[in-house]
Amino acid sequence: MTGVRLLTVPTTGPDDTDALKVLSENGSAPGDILAVIGKTEGNGCVNDFSRTLAAASWGPRLDAEAITVFSGGTEGVLAPHVNLLVADDSHDEGHDRGLVAAVGTTPVIPPDDLGRGGQLEAVRDTVAKLLVDLDVALEDVHLVLVKCPLLTSADIAEMRSRGVEPVTDDTYESMARSRAASSLGIASALGEIDDETARAALAGRRDAWSNRASASSGAELDSCHILVLAESSGASNPLRALHTEMSDAYDLAALQDAAAVIAERGGRIRQLFLKAESDPSGTIRGLRHTMLTDSDINATRHARAAVGALAAAVKGDGAVYVSGGAEHQGRPGGGSVTVVYEVDPQHLATSTGGTAR
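Rules and cut-offs
Residues numbered from 1 in each chain as written. Predicted model: local features only at pLDDT ≥ 70, side-chain atom pairs only at ≥ 80, totals over all residues. Heavy atoms only, no water. UniProt positions renumbered as here; feature names shortened; annotations may be inferred. Helix = DSSP H or I, 4+ residues; strand = E, 2+ residues; numbered from the N terminus. Buried < 20%, exposed > 50% of the residue type's maximum accessible area, 1.4 Å probe, protein only. Contact = heavy atoms within 4.5 Å. Areas by Shrake-Rupley, 256 points an atom, 1.4 Å probe, with all protein chains shown as cover. Lys, Arg positive; Asp, Glu negative; His and termini not counted. Charge placed at Lys NZ, Arg CZ, Asp CG, Glu CD. Salt bridge = Lys/Arg side-chain N within 4 Å of Asp/Glu carboxyl O. pLDDT = per-residue confidence, 0-100. Pairing = 2+ DSSP bridges. Axes fitted to C-alpha atoms, helices over the stretch in contact; angles between N-to-C directions. Phe/Tyr/Trp six-rings, centres within 6.5 Å; stacked < 30°, edge-to-face > 60°. Lys NZ or Arg CZ within 6 Å of the ring centre and 35° of its normal. Polar contact = N/O pair within 3.5 Å; in protein donor to acceptor, adjacent residues only side chain to side chain. Parallel < 35°, antiparallel > 145°, perpendicular 65-115°, else oblique. Left-handed = near helix turned anticlockwise from the far one by under 90°. Nonpolar A, V, L, I, M, F, W, Y, C, P; charged D, E, K, R; others polar.

- The name given to the protein in an unreviewed UniProt entry is Cyanuric acid amidohydrolase, with the source organism recorded as Gordonia hongkongensis.
- As stated in UniProt under Subunit (unreviewed entry), the record for the protein gives "Homotetramer."
- As recorded by UniProt, the Catalytic activity (unreviewed entry) comment attached to the protein reads in full: "cyanurate + H2O = 1-carboxybiuret + H(+)".

Quick look at the structure:
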């Protein structure tokens, strides 16, 4: 079990690693970094090379066990930035609880398994192992974040040369299939669905989801990078988390309700991790939307811009982590929400409400 600190640092470009200077100023070293979770200014689609550049820039500066997760697309008011999850097992006076994290990587996901049961099982099993490592109650887990592969044109051609049909022949759709398999693996590991339900959902049913899952896909890796965030009485730091979900892309109330709970607990918001998608029904609260039929802008880009504005308004700045494509990450048309916040120990000492769960 590893207690953590969170540093959120704006970036000037995908290859900007100046956050390491901020890390040093805060008394930590690159070897203390468990995960770098960033938003880059590419298109967030198959050919988003900003993710590849960011991963290539950060990878050599981190320990082999650390992971990187870069989500492309900072449309609208979203600001490019990185979130450093830094190991810190120091004891903070006044805190009998704190945020903990574990990171891991699945084996390589073969193209034959992408978007299918093999990927689901790989994510499920890796998350399950990380939960054992953390030794926390399932209800204290607030975020399982995954970066997973996609299918390239070369992958599809190679599979067909062997007589194997890919899960899809559309590389953009493969991103969604990969996110879906990863998210269902998370839901299964957290005990929110059983294997039968997961398999049925993988085949197209949308009535299974986790509002603690966040999955994004990219061509910059061939395995799944996984971060688990939870609260634990085995840590002592001022960070806490809560999770909820947006019912649709307009659901500002869900974010405001979460902010109100945090305020009652004497906390201040440090970061929001949200998933966003264009409602697959083609409507939101009875009104038609055109995000799924826009031939100029991908639907995930619309969704990030819309939800990003709400998240930025609640946090007070645009350095929020909003990822597009929410298959099985919250209810259809909505999206999962995790808020990391910091509490004042003096408030905890006088509060009768207890710590966040």
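So that's the structure; there's more coming.
## Some points on the overall build of the protein
Line of reasoning, step 1. Within the protein, the regular secondary structure consists of 9 helices and 14 strands.
Line of reasoning, step 2. Within the protein, the fraction of its 357 residues that count as buried is 57%.
Line of reasoning, step 3. Across the protein, every contact between residues at least 6 apart in sequence was considered, and the portion connecting residues at least 24 apart equals 83%.
Line of reasoning, step 4. When the accessible surface of the protein is split by element, carbon and sulfur atoms take 49% of a total near 13800 Å².
Line of reasoning, step 5. Once the 30 positive and 50 negative side-chain charges of the protein are each reduced to a mean point, those two points are 3 Å apart.

## Comments concerning the pattern of salt bridges
Any two side chains of opposite charge can pair if their charged atoms end up close together.
Line of reasoning, step 1. For the coordinates displayed, the defined rule picks out 27 salt bridges.
Line of reasoning, step 2. Between Arg199 and Glu121 there is a salt bridge, and its shortest N-O distance comes to 2.1 Å. Remark: Glu121 occurs in helix H3 (residues 117-134) and Arg199 occurs in helix H6 (residues 195-202); sequence separation between them is 78 residues.
Line of reasoning, step 3. By relative accessible area, which is 42% here, Arg199 ends up partly exposed.
Line of reasoning, step 4. By relative accessible area, which is 29% here, Glu121 ends up partly exposed.
Line of reasoning, step 5. Of the charged contacts, one joins Asp248 and Arg285 as a salt bridge, the two residues approaching to 2.7 Å between their closest N and O atoms. With Asp248 in the loop between strand S9 (239-246) and helix H7 (252-264) and Arg285 in the loop between strand S11 (283-284) and strand S12 (287-288), the pair connects residues that are 37 residues apart, well separated along the chain.
Line of reasoning, step 6. Each of Asp48, Arg51, Lys147 and Glu220 takes part in salt bridges that share partners, so that together they form one network.

## Some remarks on the confidence of the model for the protein
Line of reasoning, step 1. Overall, the prediction assigns the protein a mean pLDDT of 95, with 97% of residues at 70 or greater.
Line of reasoning, step 2. Here residues 351-357 is modelled with pLDDT under 50, and outside its nearest four sequence neighbours on either side it reaches 17 contacts, counting other chains as well.

## Here we look at the sheet that holds strand S14 (residues 335-343)
Line of reasoning, step 1. One open sheet accounts for 4 strands, arranged S9-S14-S10-S13; its pairing is mixed. Edge positions in the sheet fall to S9 and strand S13 (321-324), since each of these pairs with one other strand and no more. Shown here is a sheet whose adjacent strand axes are inclined to one another by a mean of 15 degrees, direction ignored.
Line of reasoning, step 2. Where H7 meets the sheet, it contacts S9, strand S10 (267-276) and S14, and its direction lies at approximately 155 degrees from that of S9.

## Quick notes on the packing of aromatic side chains
For any pair of aromatic rings, the description rests on two quantities: the centre-to-centre distance and the angle between the ring planes.
Line of reasoning, step 1. Taken as a whole and judged by the stated rule, the model has 1 aromatic pair.
Line of reasoning, step 2. Ring centres of Phe273 and Tyr321 lie 5.6 Å apart, and the angle between their planes is 50 degrees; this geometry places the pair in the tilted category. Residue Phe273 is located in strand S10, and its partner Tyr321 is located in strand S13; the two are separated by 48 residues in the primary sequence.
Line of reasoning, step 3. Over the face of the ring belonging to Tyr321 we find Lys39, whose NZ or CZ atom lies 5.9 Å from the ring centre.

## A word on the UniProt feature "site: Important for substrate specificity" (unreviewed entry) in the protein
Line of reasoning, step 1. With numbering matched to this structure, UniProt assigns "site: Important for substrate specificity" (unreviewed entry) to Thr300.
Line of reasoning, step 2. With respect to the helices and strands, the residue Thr300 is situated in helix H8 (residues 299-315).
Line of reasoning, step 3. Not counting the four nearest positions on each side in its chain, Thr300 is found in contact with Tyr172, Arg179, Gly324 and Gly325.
Line of reasoning, step 4. A polar atom in the side chain of Thr300 sits 3.1 Å from the side chain of Tyr172.

## Describing the side chain of Ser278
Line of reasoning, step 1. As for its placement among the helices and strands, Ser278 is situated in the loop between S10 and S11.
Line of reasoning, step 2. Here Ala299 takes part through its backbone oxygen, which lies 3.2 Å from a polar atom of the side chain of Ser278.
Line of reasoning, step 3. Not counting the four nearest positions on each side in its chain, Ser278 is found in contact with His289, Met291, Leu292, Ala299 and Ala303.

## What to know about the pairing of strand S4 (residues 81-87)
Line of reasoning, step 1. The buried count for S4 comes to 6 of 7 residues, which makes it a mostly enclosed element.
Line of reasoning, step 2. Of the strand pairs in this sheet, strand S2 (residues 33-40) and S4 are connected by 6 bridges, and their pairing is antiparallel. Looking at S4, one finds that Ile33 is bridged to Val86.

## Some words on the packing of H3 against helix H5 (residues 171-189)
Line of reasoning, step 1. The N-to-C vectors of H3 and H5 enclose an angle of 40 degrees; their axes lie 7 Å apart at closest approach. Between H3 and H5, the crossing angle belongs to the class labelled oblique. For the pair H3 and H5, the sense of crossing is right-handed. Seen from H3, the contacting residues are Gln119, Leu120, Val123, Arg124, Val127, Ala128 and Leu131; seen from H5, they are Ser178, Ala181, Ser182, Leu184, Gly185, Ile186, Ser188 and Ala189.
Line of reasoning, step 2. For the contact of H3 with H5, the class distribution of residues is 9 nonpolar, 5 polar and 1 charged.

## Remarks on the UniProt feature "binding site: substrate" (unreviewed entry) in the protein
Line of reasoning, step 1. Per the UniProt annotation, the sites labelled "binding site: substrate" (unreviewed entry) are Arg51, Ser71, Gly72, Arg179, Ser216, Ser217, Arg304, Ser323 and Gly324.
Line of reasoning, step 2. With respect to the helices and strands, Ser71 occurs in strand S3 (residues 67-72).
Line of reasoning, step 3. When residues no more than four places from it in sequence are discounted, the contact partners of Ser71 are Gly38, Lys39, Thr40, Arg51, Lys147, Ser216, Tyr321, Val322 and Ser323.
Line of reasoning, step 4. Take Ser217: it is sitting in strand S7 (residues 213-217).
Line of reasoning, step 5. Other than its neighbours up to four places away in sequence, Ser217 contacts Arg51, Lys147, Cys148, Pro149, Leu150, Met175, Ser178 and Arg179.

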